[in-house]
Amino acid sequence: MARTDRAGRIGWIDAARAAGAVAIVLLHVLVSTNLAADLSLVRRIAYAIVGIVGCRWAVPAFFMVSGALMLDPACNMDWHKALLHVRRMLLVIATFGTAFALMEEVWTRVRGGMEIGPSLVLIVVRDVLTMRTWDHLWFVYAMAGVYLLVPAMRWVGRRFGERGHMVLTLLLFVGVLVVPTLMGGATVAGLLSAFVWNVGAGCACFCVGAYLTRWRISPAWAAVGIGSAIVMVLVSVTGIGAGEGDRGFVFLQGSCFACAYAVFVLLLLRRLVGEDPLRMDGVPNALARDSFGIYLIHPLFIHLGLILVDPVALVPVLYESVFAGLALLASVFTTRLLRRVPLLGSLL
């Protein structure tokens, strides 16, 4: 999620960041609860529908809004600046990734009655280097790769013009999003590593994001967006009903349907919010400013919450709403607290 100075803030982009942060927290409450508890079929289907319609647009949108900013010809994004963004992601991995990997390894050993010794340090380092820290950090690893490729994507536009950028966008969209989605994720399992696929999907969304300032919401885009949401819901729900799982390939970050749905949501936000910066003292502006920190930190509070409460014993809807709200508030508070810590503050 690229950052800009206050003078360069764009209202609909900050609104997307704020709404996306809320959506991600709610999504991970639903996903984590589904994994931790034995839920009824109806509740699992409800989680799938709410997750897809209300939340799954957020990650592709995070890539897209960064692409809209960093692939703008008016943006001065050379190799030096790109490497500064890469360095930021690597420092996030080295700090937060290490902390989360350490928590995971210690918790696993405590629960299993295993000894905690000096060798744990090497195991944690291995986990971070092999991307086996907490799952949500895949986004940070992917962003490091995408940032590294931003100058190359900009070069294509400069060297071959609008047509060249369009060809690049179509090749990435079809090759990295459409084909794997239609193959049910088989391309990822058989030909590409998850990291390579995530970077490719991020680059595809970056290139698509470059068009968001030129496209307008229209009946055609509404049909594409709503149609994509319907496809994702139907495929996922039928998979759950058949006992085959939620068929995540249809709605995860590498899905062409999730990408198309995200474009629809962003164009709608652009129409509703406009270009003018959000109010300085408003909640959306505050959430936009804290969005990256919220993304990094919120799983900690979700994990803690699921250790302390039994989701099955609580009232559905009320439980998910309160849990997501508390995790969001705790993440905002922690983000602002960590900004006071040397080094960490510059990362958030």
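Structural data are supplied above this passage.
Being a predicted model, the structure only gives us computed values, none of them experimental. (Residues numbered from 1 in each chain as written. Predicted model: local features only at pLDDT ≥ 70, side-chain atom pairs only at ≥ 80, totals over all residues. Heavy atoms only, no water.)

**Section: the packing of aromatic side chains**
Right, on to step 1. By the definition in use, this model includes 13 aromatic pairs.
Right, on to step 2. Ring plane angle 55 degrees and centroid distance 5.2 Å describe the contact between Phe 139 and Tyr 295, whose orientation is recorded as tilted. One end of the pair, Phe 139, is in helix H6 (residues 138-182); the other, Tyr 295, is in helix H11 (residues 283-308), and 156 residues separate them in sequence.
Right, on to step 3. A residue is classified by how much of its surface remains accessible, and Phe 139, at 0% relative accessible area, is buried.
Right, on to step 4. Cation over ring: Arg 159 sits above Phe 160, and NZ or CZ is 4.9 Å from the ring centre. (Phe/Tyr/Trp six-rings, centres within 6.5 Å; stacked < 30°, edge-to-face > 60°. Helix = DSSP H or I, 4+ residues; strand = E, 2+ residues; numbered from the N terminus. Buried < 20%, exposed > 50% of the residue type's maximum accessible area, 1.4 Å probe, protein only. Lys NZ or Arg CZ within 6 Å of the ring centre and 35° of its normal.)

**Thoughts on helix H8 (residues 194-209)**
Right, on to step 1. Counted at 1.5 Å a residue, the expected span for H8 with its 16 residues is 22 Å, and the 22 Å between its end C-alpha atoms agrees.
Right, on to step 2. Counting buried residues in H8 gives 13 out of 16 residues, a clear majority hidden from the surface. (Expected span 1.5 Å × (residues − 1).)

**What about a nonpolar patch on the surface?**
Right, on to step 1. Together, Trp 107, Leu 304, Ile 307, Leu 308, Val 309 and Leu 314 give the surface a local cluster of nonpolar side chains, amounting to about 580 Å² of exposed area.
Right, on to step 2. At 3 residues, the largest contribution of residues to the nonpolar patch is made by H11.
Right, on to step 3. As for its placement among the helices and strands, Leu 314 is situated in the loop between H11 and helix H12 (318-338). (Patch = residues over 30% accessible without salt bridge, like charges linked within 9 Å, V, L, I, M, F, W, Y side chains within 5 Å. Areas by Shrake-Rupley, 256 points an atom, 1.4 Å probe, with all protein chains shown as cover. Salt bridge = Lys/Arg side-chain N within 4 Å of Asp/Glu carboxyl O.)

**Quick look at the environment of Arg 126**
Right, on to step 1. Its place among the elements puts Arg 126 in helix H5 (residues 119-129).
Right, on to step 2. Look at Arg 126 and you get partly exposed, because its relative accessible area is 38%.
Right, on to step 3. The spacing of Arg 126 and Gly 8 is 118 residues in sequence and 40 Å in space, taken between C-alpha atoms.
Right, on to step 4. Discounting chain neighbours no more than four positions away, the residues touching Arg 126 are Glu 105 and Arg 132. (Contact = heavy atoms within 4.5 Å.)

**Comments concerning the pattern of salt bridges**
Here the idea is simple: oppositely charged side chains can pair when their charged atoms come close.
Right, on to step 1. Summed over all chains, the structure comprises 12 salt bridges.
Right, on to step 2. The salt bridge involving Arg 17 is made with Asp 14; its shortest N-O contact spans 3.2 Å. Separated by 3 residues within a single helix, Arg 17 and Asp 14 lie in helix H1 (residues 11-36), roughly one turn from each other. Asp 14 carries the same exposure label as Arg 17, and that label is buried.

**Focus: the packing of H6 against H8**
Right, on to step 1. At a minimum axis separation of 4 Å, H6 and H8 run at an interaxial angle of 45 degrees. By the angle between their axes, H6 is oblique relative to H8. In this structure, H6 crosses over H8, and the sense of that crossing is right-handed.
Right, on to step 2. Looking at side-chain class alone, the contact of H6 with H8 contains 24 nonpolar, 6 polar and no charged residues. (Axes fitted to C-alpha atoms, helices over the stretch in contact; angles between N-to-C directions. Parallel < 35°, antiparallel > 145°, perpendicular 65-115°, else oblique. Left-handed = near helix turned anticlockwise from the far one by under 90°. Nonpolar A, V, L, I, M, F, W, Y, C, P; charged D, E, K, R; others polar.)

**A few points about the packing of helix H3 (residues 58-70) against H6**
Right, on to step 1. Remark: H3 packs on H6, axes separated minimally by 12 Å, with the N-to-C direction vectors making an angle of 30 degrees. Relative to H6, the element H3 lies roughly parallel. Pair H3 / H6 crosses with right-handed handedness. From H3, Val 59, Phe 62, Phe 63, Ser 66 and Met 70 reach across to H6, where they touch Trp 138, Phe 139, Ala 142, Met 143, Val 146, Tyr 147, Val 150 and Arg 154.
Right, on to step 2. When the residues that make up the contact of H3 with H6 are grouped by side-chain class, the tally is 11 nonpolar, 1 polar and 1 charged.

**Thoughts on helix H9 (residues 219-241)**
Right, on to step 1. The end-to-end C-alpha distance of H9, which contains 23 residues, comes to 32 Å, matching closely the 33 Å that a straight helix rising 1.5 Å per residue would cover.
Right, on to step 2. Considered for burial, the residues of H9 that qualify are Trp 221, Gly 225, Ser 228, Ala 229, Met 232, Val 233, Ser 236, Gly 239 and Ile 240.
Right, on to step 3. Tucked into the core, H9 has its buried residues touching helix H2 (41-54) and helix H10 (256-273).
Right, on to step 4. Once H9 ends, the next one or two residues include Gly 243, with phi positive near 75 degrees.

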